[in-house]
Amino acid sequence: MKLAQALRQGLEREGYEVTVAATGEEGYFLATTARYELIVLDLMLPGRDGLEVLAALRERGQHLPVLILTARDTVEDRVRGLDGGADDYLVKPFAFAELLARIRALTRRGPATDTQHLQIADLVLDRVKRQVMRDGTPVALTAKEFQLLEYLLLNRGQVVTREMLAHDVWDGVACSGPLDNVIDVHLARLRQKIDIADEPSLIRTIRGVGFMIAEDTP
């Protein structure tokens, strides 16, 4: 963590906004639930290592630029990282100026694929225009409903708990009975707006756990 904190301080002095994750699981969670321009990923992480995190992100269709940091400098290790979906590779120890140069190059390049649109089945959410379409028809959502749908789509195929929604959609409000009811009401309204008659709902309730947006049959 000493290296992570030192890099954070240096990058913040350069004007970057930085979030540090202490474990692979935390990094994966942050990368799939918040918006970032670039991921600097250390391969030697507690729990899920960097390559596992990278593979999981790419499998979910996450195409943010990823710069790998590692102490391993064999050709085999570099090939594994790049074949695993990394955009660049920096071996420790390295000069901070070189890290900055690599970050500038990757952020100029931008993501390899479209991250403006989130889609499942014929439901499309445009994150820039703040619009939602279902089967080619516009769907009018409130700001909170849009944020809730966006969050579910960013976690498509994964269970989202009420605690996650309370923290990330309702801005850190503690999950309690009244908030549970608010979440349920918003989800019910969202279902009514995006569902199509005689077709299964895209949003499922996982009893005792939370919610999931998915296309396949339960």
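Residues numbered from 1 in each chain as written. Predicted model: local features only at pLDDT ≥ 70, side-chain atom pairs only at ≥ 80, totals over all residues. Heavy atoms only, no water.

Here we look at the sheet that holds strand S9 (residues 203-206)
Then, number 1: Within the open sheet, the three strands sit side by side as S8-S10-S9. Their pairing is antiparallel. Across the chains shown, the open sheet's two edge strands, defined by having one partner strand only, are strand S8 (160-161) and S9.
Then, number 2: Against the sheet, helix H6 (residues 143-154) engages S8, S9 and strand S10 (210-213), with an angle of about 75° to S10. (Pairing = 2+ DSSP bridges. Helix = DSSP H or I, 4+ residues; strand = E, 2+ residues; numbered from the N terminus. Contact = heavy atoms within 4.5 Å. Axes fitted to C-alpha atoms, helices over the stretch in contact; angles between N-to-C directions.)

Here we look at the pattern of salt bridges
Then, number 1: The full count for this structure, using the stated rule, is twelve salt bridges.
Then, number 2: Of the charged contacts, one joins Asp 88 and Arg 102 as a salt bridge, the two residues approaching to 3.0 Å between their closest N and O atoms. Here Asp 88 is found in strand S3 (residues 88-91), whereas its partner Arg 102 is found in helix H5 (residues 96-109), with 14 residues between them in sequence.
Then, number 3: Residues Glu 150 and Arg 127 are paired through a salt bridge, measuring 3.0 Å at the closest nitrogen-oxygen approach. In this pair, Glu 150 is assigned in helix H6 and Arg 127 in the loop between strand S5 (123-126) and strand S6 (131-134), connecting sequence segments 23 residues apart. The burial state of Glu 150 is the same as that of Arg 127; both residues are buried. (Salt bridge = Lys/Arg side-chain N within 4 Å of Asp/Glu carboxyl O. Buried < 20%, exposed > 50% of the residue type's maximum accessible area, 1.4 Å probe, protein only.)

Let's talk about the packing of helix H2 (residues 24-33) against helix H3 (residues 50-59)
If you want to describe how two helices pack, look at the angle between their axes and the distance between the axes.
Then, number 1: H3 packs onto H2 with a crossing angle of 25° between their chain directions and a minimal axis gap of 10 Å. The orientation of H2 relative to H3 falls into the category roughly parallel. With respect to the hand of their crossing, H2 and H3 are arranged in right-handed fashion. Together, Gly 24, Tyr 28, Ala 31 and Thr 32 of H2 and Val 53, Ala 56 and Leu 57 of H3 make up the contact between the two elements.
Then, number 2: Here the residues of the contact of H2 with H3 are counted per class, giving five nonpolar, two polar and no charged. (Parallel < 35°, antiparallel > 145°, perpendicular 65-115°, else oblique. Left-handed = near helix turned anticlockwise from the far one by under 90°. Nonpolar A, V, L, I, M, F, W, Y, C, P; charged D, E, K, R; others polar.)

Describing the sheet that holds S5
Then, number 1: Pairing is antiparallel in the open sheet, where four strands are placed in the order S4-S5-S6-S7. Every interior strand has two partners, whereas the edge strands, strand S4 (117-120) and strand S7 (137-139), have only one. Within this sheet the neighbouring strands show an average axis-to-axis angle of 25°, counted without direction.
Then, number 2: Sheet topology note: the S5/S6 ladder contains four bridges and is antiparallel. By the bridge assignment, Leu 125 is partnered in S6 with Val 132.

What about H2?
Since the α-helix advances by 3.6 residues per turn, residues separated by three or four positions end up pointing in the same direction.
Then, number 1: Among the residues of H2, those classed as buried are Gly 24, Tyr 28, Leu 30, Ala 31, Thr 32 and Thr 33.
Then, number 2: Contact partners of the buried residues in H2: strand S1 (39-42), H3, H6 and helix H7 (162-168).

Notes on unusual backbone geometry
Then, number 1: The residue after Lys 92, namely Pro 93, is reached through a cis peptide bond having omega -5°.
Then, number 2: Counting through the fold element by element, Pro 93 comes out in the loop between S3 and H5.
Then, number 3: Positive phi, normally seen in glycine, also occurs at Asp 135, with a value near 55°.
Then, number 4: By the secondary structure assignment, Asp 135 is in the loop between S6 and S7.
Then, number 5: In this structure, Asp 198 takes a positive phi of about 70° despite not being glycine.
Then, number 6: Structurally, Asp 198 can be placed in the loop between helix H8 (177-194) and S9.
Then, number 7: On the accessibility criterion, Asp 198 (83% relative accessible area) is exposed.

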